[in-house]
Amino acid sequence: MLGRSFRIRKQEDFERVFRGGKPLFFDDLGCKFLFVGGDALRVGFSFSKKHIPLAVLRHRLRRRFSAALALQKENWPKGYDLVFFTVKKPKDVNYATIERITEHCISAINTVNKGK
(Lines give C-alpha, C1' and ligand atoms only; values in the text may rest on other atoms or scores of the structure.)
Protein backbone atom coordinates (compact mmCIF):
# COMPACT_ATOMS: atom_id res chain seq x y z
CA MET A 1 0.00 0.00 0.00
CA LEU A 2 1.21 3.47 -0.81
CA GLY A 3 1.60 5.92 2.06
CA ARG A 4 -0.21 9.25 2.18
CA SER A 5 2.83 11.17 0.96
CA PHE A 6 2.76 9.16 -2.30
CA ARG A 7 -0.94 9.75 -3.05
CA ILE A 8 -2.70 12.55 -4.90
CA ARG A 9 -5.66 13.56 -2.76
CA LYS A 10 -6.75 17.07 -3.80
CA GLN A 11 -9.20 17.70 -6.63
CA GLU A 12 -7.05 20.53 -8.01
CA ASP A 13 -4.08 18.16 -8.33
CA PHE A 14 -6.21 15.64 -10.25
CA GLU A 15 -7.49 18.41 -12.54
CA ARG A 16 -3.96 19.68 -13.20
CA VAL A 17 -2.80 16.21 -14.25
CA PHE A 18 -5.87 15.61 -16.45
CA ARG A 19 -5.49 19.03 -18.14
CA GLY A 20 -1.77 19.02 -18.79
CA GLY A 21 -0.58 15.42 -18.44
CA LYS A 22 0.68 13.13 -21.16
CA PRO A 23 -1.66 10.18 -21.73
CA LEU A 24 -0.92 6.48 -22.04
CA PHE A 25 -3.72 4.06 -22.90
CA PHE A 26 -4.06 0.33 -22.33
CA ASP A 27 -7.21 -1.41 -23.61
CA ASP A 28 -9.73 -0.40 -20.92
CA LEU A 29 -7.46 1.62 -18.62
CA GLY A 30 -5.33 4.69 -19.05
CA CYS A 31 -2.92 6.87 -17.17
CA LYS A 32 -1.70 10.44 -17.38
CA PHE A 33 1.54 11.77 -15.99
CA LEU A 34 2.81 15.29 -15.42
CA PHE A 35 6.09 16.69 -14.12
CA VAL A 36 5.37 18.90 -11.10
CA GLY A 37 8.73 18.94 -9.34
CA GLY A 38 9.42 17.68 -5.87
CA ASP A 39 11.22 14.65 -4.55
CA ALA A 40 8.70 11.81 -4.99
CA LEU A 41 6.24 10.22 -7.38
CA ARG A 42 2.61 10.81 -6.38
CA VAL A 43 -0.13 8.50 -7.62
CA GLY A 44 -3.89 8.98 -7.91
CA PHE A 45 -6.73 6.76 -9.03
CA SER A 46 -9.93 7.83 -10.79
CA PHE A 47 -12.02 4.75 -11.46
CA SER A 48 -15.50 5.73 -12.60
CA LYS A 49 -18.70 4.40 -11.06
CA LYS A 50 -20.05 4.32 -14.59
CA HIS A 51 -17.39 1.83 -15.66
CA ILE A 52 -17.01 -0.08 -12.37
CA PRO A 53 -20.31 0.22 -10.47
CA LEU A 54 -19.36 -1.82 -7.41
CA ALA A 55 -17.18 -0.03 -4.85
CA VAL A 56 -15.63 -3.35 -3.85
CA LEU A 57 -14.24 -3.81 -7.36
CA ARG A 58 -13.02 -0.19 -7.62
CA HIS A 59 -11.17 -0.49 -4.31
CA ARG A 60 -9.72 -3.88 -5.26
CA LEU A 61 -8.37 -2.39 -8.50
CA ARG A 62 -6.85 0.53 -6.58
CA ARG A 63 -5.20 -1.80 -4.05
CA ARG A 64 -3.77 -3.98 -6.80
CA PHE A 65 -2.33 -0.97 -8.61
CA SER A 66 -0.86 0.30 -5.34
CA ALA A 67 0.76 -3.07 -4.64
CA ALA A 68 2.18 -3.34 -8.15
CA LEU A 69 3.62 0.18 -7.91
CA ALA A 70 5.10 -0.49 -4.48
CA LEU A 71 7.06 -3.42 -5.92
CA GLN A 72 8.70 -1.07 -8.45
CA LYS A 73 9.61 1.66 -5.98
CA GLU A 74 13.31 1.64 -6.89
CA ASN A 75 12.45 2.58 -10.52
CA TRP A 76 10.14 5.48 -9.67
CA PRO A 77 10.96 8.82 -11.31
CA LYS A 78 11.07 11.81 -8.98
CA GLY A 79 8.77 14.79 -9.25
CA TYR A 80 5.90 13.32 -11.29
CA ASP A 81 2.18 13.00 -10.64
CA LEU A 82 0.57 9.89 -12.13
CA VAL A 83 -3.19 9.23 -12.36
CA PHE A 84 -4.74 5.93 -13.43
CA PHE A 85 -8.30 6.00 -14.80
CA THR A 86 -10.86 3.87 -16.63
CA VAL A 87 -11.60 4.46 -20.31
CA LYS A 88 -14.40 1.94 -20.52
CA LYS A 89 -15.63 -1.00 -18.48
CA PRO A 90 -12.65 -3.32 -17.90
CA LYS A 91 -13.34 -6.85 -19.07
CA ASP A 92 -10.71 -8.84 -17.23
CA VAL A 93 -8.05 -7.06 -15.23
CA ASN A 94 -5.90 -9.57 -13.41
CA TYR A 95 -2.80 -8.82 -11.36
CA ALA A 96 -0.40 -9.77 -14.17
CA THR A 97 -2.04 -7.20 -16.44
CA ILE A 98 -1.81 -4.55 -13.74
CA GLU A 99 1.90 -5.28 -13.21
CA ARG A 100 2.48 -4.97 -16.96
CA ILE A 101 0.61 -1.64 -17.09
CA THR A 102 2.51 -0.18 -14.14
CA GLU A 103 5.87 -1.30 -15.56
CA HIS A 104 5.02 0.31 -18.89
CA CYS A 105 3.95 3.58 -17.23
CA ILE A 106 7.09 3.80 -15.11
CA SER A 107 9.36 3.02 -18.08
CA ALA A 108 7.53 5.60 -20.26
CA ILE A 109 7.99 8.29 -17.60
CA ASN A 110 11.65 7.37 -17.18
CA THR A 111 12.13 7.57 -20.97
CA VAL A 112 10.57 11.05 -21.07
CA ASN A 113 12.62 12.02 -18.02
CA LYS A 114 15.90 11.00 -19.73
CA GLY A 115 15.02 13.23 -22.68
CA LYS A 116 15.01 16.33 -20.47
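These figures come from a predicted structure and were not determined experimentally.

Undergrad: Just checking my understanding: could you explain the sheet that holds strand 4 (residues 80-86) for this structure?
TA: Sheet strands pair via backbone hydrogen bonds, and the direction of the pair is either parallel or antiparallel. Spatially, the four strands line up as an open sheet ordered 1-2-4-3, and their pairing is mixed. Strands at the two margins of the open sheet, each flanked by one partner only, are strand 1 (22-26) and strand 3 (42-46). Across the sheet, the mean angle from the axis of one strand to that of its neighbour is 20°, orientation sign disregarded. With five bridges joining them, strand 1 and strand 2 (residues 29-35) adopt antiparallel strand pairing. Note that in strand 2 the partner of Leu24 across the bridge is Cys31. Across the face of the sheet, helix 1 (residues 11-20) comes into contact with strand 1, strand 2, strand 3 and strand 4 while running at roughly 85° to strand 4. Most of the contacts of helix 2 (residues 55-71) go to strand 3, to which it runs at about 160°, and overall it touches strand 2, strand 3 and strand 4.

Undergrad: Is there a simple way to explain the environment of Ile106 in this structure?
TA: Tracing the backbone through its elements, the reader meets Ile106 in helix 3 (residues 95-115). According to the relative accessible area criterion, Ile106 is buried, its value standing at 3%. Each C-alpha atom, one on Ile106 and one on Phe18, is 18 Å from the other, the two residues being 88 residues apart in sequence. For Ile106, the residues in contact, after removing those within four places along its chain, are Leu41, Leu69, Gln72, Asn75, Trp76 and Pro77.

Undergrad: Any chance you could explain helix 2 here in plain terms?
TA: What sets the pattern is the α-helix's 3.6 residues per turn: residues three or four places apart point alike. The end-to-end C-alpha distance of helix 2, which contains 17 residues, comes to 24 Å, matching closely the 24 Å that a straight helix rising 1.5 Å per residue would cover. Taken residue by residue, helix 2 has Arg58, Leu61, Phe65, Ser66, Ala68 and Leu69 as its buried positions. Considered in projection along helix 2, the buried side chains sweep an arc of 165° and stay on one side of the axis. Of the exposed residues in helix 2, those oriented more than 90 degrees away from the buried face are Val56 and Leu71.

Undergrad: Any chance you could explain the pattern of salt bridges here in plain terms?
TA: Pairing between side chains becomes possible if they bear opposite charge and their charged atoms approach one another. A complete count under the given rule lists five salt bridges for this structure. Two residues, Asp13 and Arg16, come together in a salt bridge whose shortest N-O distance is 2.3 Å. Of this pair, Asp13 and Arg16 both sit in helix 1, three residues apart, roughly one helical turn. Judged by relative accessible area, Asp13 falls into the buried class, the value being 7%. In this structure, Arg16 engages Asp81 in a salt bridge whose closest nitrogen and oxygen atoms are separated by 3.9 Å. Taken together, the residues span a long stretch of sequence, with Arg16 in helix 1 and Asp81 in strand 4 at a distance of 65 residues. The class of Arg16 is partly exposed, set by a relative accessible area of 31%. The exposure class assigned to Asp81 is buried, which follows from its relative accessible area of 0%. Put simply, Asp13, Arg16, Arg42 and Asp81 are held in one network by salt bridges that share partners.

Undergrad: How should the environment of Glu99 be read in this particular structure?
TA: When you line up the elements, Glu99 lands in helix 3. As for Glu99 and His59, which are separated by 40 residues in sequence, their C-alpha atoms are 17 Å apart. Ignoring anything within four residues of it in the chain, the contact list for Glu99 reads Ala68, Leu71 and Gln72.

Each value, and the rule that gives it
- Residues numbered from 1 in each chain as written.
- Predicted model: local features only at pLDDT ≥ 70, side-chain atom pairs only at ≥ 80, totals over all residues.
- Heavy atoms only, no water.
- Pairing = 2+ DSSP bridges.
- Helix = DSSP H or I, 4+ residues; strand = E, 2+ residues; numbered from the N terminus.
- Axes fitted to C-alpha atoms, helices over the stretch in contact; angles between N-to-C directions.
- Contact = heavy atoms within 4.5 Å.
- Buried < 20%, exposed > 50% of the residue type's maximum accessible area, 1.4 Å probe, protein only.
- Expected span 1.5 Å × (residues − 1).
- Arc of directions from axis to C-beta.
- Salt bridge = Lys/Arg side-chain N within 4 Å of Asp/Glu carboxyl O.

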